[in-house]
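Chain residues, written in single-letter form:
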Amino acid sequence: HHAPTDRPIASGEVLLLDFGGSYQRYHADITRVVHLGPAPGTVREAYDAVYQAHEGARTQIRPGTTGGQADAFARDLLTQRGMADLFVHRLGHGIGLSEHEEPYLVSSNGNSLEESDVFTIEPGIYRPGEFGIRLENTYVLEEGGCRSLNAPILPMIPEL
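All values derive from a computational prediction rather than experimental measurement. (Residues numbered from 1 in each chain as written. Predicted model: local features only at pLDDT ≥ 70, side-chain atom pairs only at ≥ 80, totals over all residues. Heavy atoms only, no water.)

1. Let's talk about the pairing of strand β4 (residues 101-105)
Where strand β3 (residues 92-94) meets β4, 2 bridges bridge the pair, whose relative direction is antiparallel. Paired with G94 across the two strands is E101, which belongs to β4. Joining the antiparallel neighbours β3 and β4 is a turn of 6 residues. (Pairing = 2+ DSSP bridges. Helix = DSSP H or I, 4+ residues; strand = E, 2+ residues; numbered from the N terminus.)

If you want it as structure tokens, here you go:
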């Protein structure tokens, strides 16, 4: 999602790490964020908002939830934090034989999610010229909700 440059990474920056891979033609996707050095309050606040939006969506999605409802779960939490205008993409996407496929977790999707659907949840906020925060895990939908296929997301921004 970003073009590489020759600019060195510096202390005091947010580092957004988006990884993917494939195994026997199936794809994986994960995004994490770290701060290089002590994180200022604005970064910690943004990370907390994105973490809460991620967890809020994850805990509310069940079979029968539409892609639009899933997107709204996270977007509503970011609205409450005054950050909705900084969330400029969909909540997530299906993943499997393609990196981005149905079901799409986006406001315009009225289709219901079903058991065994595999998708990402990846809310993010982006402050142009400052930093971006996105937290992404891949989930399989089961009767009781979302089961993560990645390691848990840390509730506080890691500082390196």
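2. Quick notes on the pattern of salt bridges
Per the stated rule, a full pass over the model turns up 7 salt bridges. Across the pair R75 and D71 runs a salt bridge whose closest N-O atoms are separated by 2.8 Å. Of the two residues, R75 and D71 both sit in helix α2 (residues 67-80), 4 residues apart, roughly one turn of that helix. Its relative accessible area of 23% is what places R75 among the partly exposed residues. With a shortest N-O distance of 3.7 Å, E122 and R134 are connected by a salt bridge. One end of the pair, E122, is in the loop between β5 (118-121) and β6 (124-127); the other, R134, is in strand β7 (residues 131-134), with 12 residues separating them in the sequence. Note on R134: relative accessible area 7%, which makes it buried. Where salt bridges share partners, they join D18, E122 and R134 into one cluster. (Salt bridge = Lys/Arg side-chain N within 4 Å of Asp/Glu carboxyl O. Buried < 20%, exposed > 50% of the residue type's maximum accessible area, 1.4 Å probe, protein only.)

3. Looking at unusual backbone geometry
Note the cis peptide between E102 and P103, where omega equals 0°. Looking at the element boundaries, P103 is found in strand β4. A positive phi angle is found at Q24, which is not glycine, with a value near 50°. Mapping Q24 onto the fold places it in the loop between β1 (14-23) and β2 (26-35). In this model, S116 sits at a positive phi of 80°, which is unusual for a non-glycine residue. As for its position among the elements, S116 is in the loop between β4 and β5.

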